[in-house]
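Summary of the model geometry
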Amino acid sequence: MTDRHPTLELWGGAECTVVRLGNEYRDQAVETGHHDRLDDIDRLIGLGVKAVRFPILWERVAPERIDRLDFTWTDARLERLREAGIRVIGGLLHHGSGPLYTDLLDPAFPWKLADYAARVAERYPWIEDWTPVNEPLTTARFSALYGHWYPHRRDYPGFLRALYGQCRGTLEAMRRIREVVPGARLIQTEDLGKTFSTAPLRYQAAHENERRWLSLDLLCGRVTARHNWHKILFGAGIGWGEMEAMESGEASPDLLGINHYLTSERFLDHRTHLYPGHGVGGNRRDTYVDAEAVRVKRLEDDTGFAPRLREAWERYRLPIAITEVHHGCNRPEQLRWFAEVWETAGKLRDEGVDLRAVTFWSAFGNVDWRSLLTQRNGFYDTGAYDVRGPEPRPTVVARAAAAYARGEQFDHPVLDSPGWWRRPPRLYPWSGSCKPMNWHGRKLLITGATGTLGQALARMCEDRAMPFCLTARDELDICRPESIAAAMEQHEPWAVINTAGFVRVADAEVERDSCFAWNCDGAANLAEACASAGVPLVTFSSDLVFDGLKGAAYVEDDPVCPGEAYGASKAEAEHRVLAAHPGAMVIRTAAFFGPWDRYNFAWAVLSSLAEGRRFAACPNSFVSPTFVPDLCHATLDLLVDGETGLWHLANQGRVSWHEFAVRVAEAAGLDTSLIDAVPQTEQVRDTTLASNHGPLLRPLDQAIADYANEMRDELRPAEAVAAE
């Protein structure tokens, strides 16, 4: 991808929402660790940003009283930005309703916010750009129309009053700020989507498409008596005087900050039967499903950033910045989205749109945004950095952003394929079909076509639109260097993932030569070939490089100490691979379980109990079982990020084989009394894996729950047979 527009600026920002749920608050800066890392500011600066959307949030600075402010956290960080010459866009509310002494429906809310704004401006009179309220329309909808956030209302008058209060608060806040900073500029952000519909629901789509401009129209002074929403606002209890206060246009933004996500655009469909599993809603007149417009084929030319930005430009003719770019998905899709938005910005500038900047958002990720923060699942989505380790780790998105900021090209093999929002599998089944896309991009080479891991990685690559070639032993024999050379020449891979090897742990003692040939010599041969070709290599090792006698979980820098032949073969392979190819990545993992094969411990438990048979498991051997889909996702993300060296990837948790059997059975609703605790060793052994890089895989219990859900249909026939 090429930046043809060197004056297009890169901006940045950390996800900083402080949202009230009942009488509790969730603070994304705290939950992502951003609050505790002063050097996060240096990371933003290092990527080449020209401006940072920075939270000086009311709930954080003055949580108890408006005259009791604590600027300690903001002082230290803003000073670093100021010293580096980075412009600051000061944000005062980010999806919040204010501290406990106010809320969105408080009649005094606008003036309380303005009072706070004045105090902040007095503290930082050098800040010229301000966003008093982030996304007022979105916040009003989620807080007072859908009831997700405080004050948890679900009525139209409440929604409109919450929206008006935020817009009036913005006006009053900017007035007070400009008393201190006469040239202060308003950078007003809003999530901009569009609603589409089936014919019977066009009236509802038209209503929502007018409503989407309401916050910006209010700020721009457009909601006069001639405006379609003037009477609606008056009917919600907003008086003539209140509306007249907004008509001056004094709060007209100096720059529009447009945020847009892949689910921002909606499709209303009265044919609810076409969406099994979707929630059904309505408007008291019609019942319908609120679906994702990006999954409707006929809308593919009218969805996305480009048409929405064109609409905003034509409507307001104000300078525009894209103020949030983030996609909570796997790494290739995150990179494709960021690259597409950057390229789109360049094309719109060619058309004459006054587009100033693109902002990478959620720089340090976010927690539980997939549930709109309403559930505490601890689900972390990475941003430009992954913060799950001791230090935030830059992802490929950070490298791309830095390249664009320098006006350079950025290339990666995953950009050879379009994002999922451009691919046929995204479509709802009723929406139509497309010819399957043929992926002609640069390929991954995966060895081990007959194995669990090779098959699973191929499945994941297919889902991610990462072209690959999965080879069996007769196509690529890793024990023969000439076979490797032929495959490399034929496929010209951009990376190699090795899953081939000797897997029969119990047989390794009697087939030691074969085990070492496949696990050690073969892996070393691949490492030498990949190093010579300058190609990244990923290969897999095992928790059995440890004897389990440490008495605690093992991390990457623990010395290997295998207790038997299989582990010894893997330990020697690790050494030889990293010696031959320092740019390789060696992943240690543990016993697999997953939905796509029947040769694992978890399936043995389920199939036995479903047929009423007893099952024996060892209570004094402890492991960290690894859910294959989680392992594959993490492996591919790390590969795309360009990581190297030794990594432990296993689901978080320590269980004995007996406890693992019980948890799997409980999750599947089977009789755990059939599971016997039968020691297989006298000495307690624990090969649990932990990681110096941080826990990249989710907790074991969550993986077990997903596994059990996926396997229930497979167990029903066996249960029926047992019942008969």
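See the structure printed just above.
Residues numbered from 1 in each chain as written. Predicted model: local features only at pLDDT ≥ 70, side-chain atom pairs only at ≥ 80, totals over all residues. Heavy atoms only, no water.

**Some points on the pairing of strand β3 (residues 24–27)**
As paired strands, strand β2 (residues 18–21) and β3 are joined by four bridges and run antiparallel to one another. Bridge pairing links L21 to E24 in β3. Remark: two residues form the turn of the hairpin made by β2 and β3, two consecutive strands paired antiparallel; G22 in that turn has positive phi of roughly 65°. (Pairing = 2+ DSSP bridges. Helix = DSSP H or I, 4+ residues; strand = E, 2+ residues; numbered from the N terminus.)

**Let's talk about the environment of L262**
With respect to the helices and strands, the residue L262 is situated in the loop between β9 (255–259) and β10 (266–269). Between the alpha carbons of L262 and A293 there is a distance of 8.9 Å; along the sequence they are 31 residues apart. Residue contacts for L262: discarding those within four places in its chain leaves V294, H327, W337, W420 and W421. (Contact = heavy atoms within 4.5 Å.)

**Observations concerning the nonpolar core**
The biggest cluster of nonpolar side chains holds 141 residues, and the ones touching the most others in it are I56 and F360. Per element, the largest residue contribution to this core is 10 residues, and it comes from helix α7 (residues 156–180). In contact with F360, other than residues within four places in its own chain, are L10, W11, G12, G13, L44, L47, V49, V325, F338, A384 and A401. Listed in part, the 31 residues of the second largest apolar core include W603, V664, A703 and M711. (Core = buried A, V, L, I, M, F, W, Y, C linked by side-chain atoms within 4.5 Å. Buried < 20%, exposed > 50% of the residue type's maximum accessible area, 1.4 Å probe, protein only.)

**Some details on the packing of helix α19 (residues 601–610) against helix α21 (residues 657–668)**
At a minimum axis distance of 9 Å, the contact between α19 and α21 shows a crossing angle of 55°. Considering the angle they form, α19 stands oblique to α21. Two packed elements cross with a definite hand, and for α19 against α21 that hand is right-handed. Along its contact with α19, which presents F601, A602, V605, L606 and L609, the element α21 presents W657, F660, A661, V664, A665 and A668. Residues of the contact of α19 with α21, tallied by class, amount to 11 nonpolar, no polar and no charged. (Axes fitted to C-alpha atoms, helices over the stretch in contact; angles between N-to-C directions. Parallel < 35°, antiparallel > 145°, perpendicular 65-115°, else oblique. Left-handed = near helix turned anticlockwise from the far one by under 90°. Nonpolar A, V, L, I, M, F, W, Y, C, P; charged D, E, K, R; others polar.)

**Some words on the sheet that holds strand β13 (residues 320–325)**
Taken in spatial order, the eight strands close into a barrel running β1-β4-β5-β6-β7-β9-β13-β14, and their pairing is parallel. Taken over all neighbouring pairs, the strand axes of this sheet differ in orientation by 25° on average, direction set aside. The pairing of β13 with strand β14 (residues 355–360) spans four bridges and is classified as parallel. Residue pairing across strands places I322 opposite V358, the latter belonging to β14. Packing against the sheet, helix α4 (residues 72–83) makes contact with β4 (51–55) and β5 (87–94), and its axis sits at approximately 175° to β4. Sheet strands in contact with α7 are β6 (129–134) and β7 (185–191), and its direction is about 155° off that of β6.

**Quick word on the packing of helix α6 (residues 136–145) against α7**
Interhelical geometry of α6 versus α7 gives an angle of 145° and a closest axis separation of 8 Å. As for the relative orientation of α6 and α7, their crossing is right-handed in sense. Facing α6, whose interface residues are P136, L137, T139, A140, R141, A144 and L145, α7 presents Y156, G158, F159, A162, L163 and Q166. Classifying every residue of the contact of α6 with α7 by side-chain character gives nine nonpolar, three polar and one charged.

**Remarks on the packing of aromatic side chains**
Two descriptors summarise a pair of aromatic rings, namely the distance from one centre to the other and the angle between the planes of the rings. With the rule as written, the count across this model stands at 32 aromatic pairs. Centroid distance F593 to Y707: 5.4 Å. Interplanar angle 85°. Geometry classified as edge-to-face. Of this pair, F593 sits in strand β24 (residues 592–593) while Y707 sits in helix α22 (residues 700–723), and the two are 114 residues apart along the sequence. For Y707, a relative accessible area of 0% gives the class buried. Through successive ring pairs, a cluster of aromatic residues spans F593, F601, F615, F627, W657, F660 and Y707. (Phe/Tyr/Trp six-rings, centres within 6.5 Å; stacked < 30°, edge-to-face > 60°.)

**Observations concerning the sheet that holds strand β8 (residues 195–197)**
Pairing is mixed in the open sheet, where four strands are placed in the order β8-β10-β12-β11. Both edges of this open sheet fall to β8 and β11 (281–282), since each of them pairs with a single strand only. Across three bridges, β8 lies against β10 in parallel orientation. Each residue of the ladder has a partner; that of T195, found in β10, is R266. Against the sheet, helix α8 (residues 202–211) contacts β8, β10 and β12 (287–292), and its axis sits at roughly 175° relative to β8.

**Focus: the environment of L233**
Relative to the helices and strands, L233 is located in helix α10 (residues 230–235). Taking the C-alpha atoms as reference points, L233 and K194, separated by 39 residues in sequence, lie 21 Å from one another. With sequence-adjacent residues up to four places away left out, L233 is seen in contact with L160, L214, L218, V223, I238 and M243.

**Regarding α21**
The end-to-end C-alpha distance of α21 is 17 Å, a good match for the 16 Å that 12 residues give at a rise of 1.5 Å each. Listed as buried for α21 are W657, H658, F660, A661, V662, V664, A665 and A668. With its phi angle positive at about 75°, G669 sits one or two positions after the end of α21. (Expected span 1.5 Å × (residues − 1).)

**Thoughts on the pattern of salt bridges**
Evaluated as defined, the whole model comprises 69 salt bridges. A salt bridge links R176 to E179, with the nearest nitrogen and oxygen atoms 3.7 Å apart. Remark: E179 and R176 occur in helix α7; sequence separation between them is three residues, near one turn of the helix. A residue is classified by how much of its surface remains accessible, and R176, at 29% relative accessible area, is partly exposed. Residue classification places E179 among the exposed residues on the basis of a relative accessible area of 60%. Each of K194, R212, E265, D302, R308 and E311 takes part in one network of salt bridges that share partners. (Salt bridge = Lys/Arg side-chain N within 4 Å of Asp/Glu carboxyl O.)

**Describing unusual backbone geometry**
Geometrically, the link from Y150 to P151 is a cis peptide bond, its omega value of 10° lying close to zero. Secondary-structure assignment places P151 in the loop between α6 and α7. Residue H95 is not a glycine yet carries a positive backbone phi of 65°. Tracing the backbone shows H95 in the loop between β5 and α5 (109–123).

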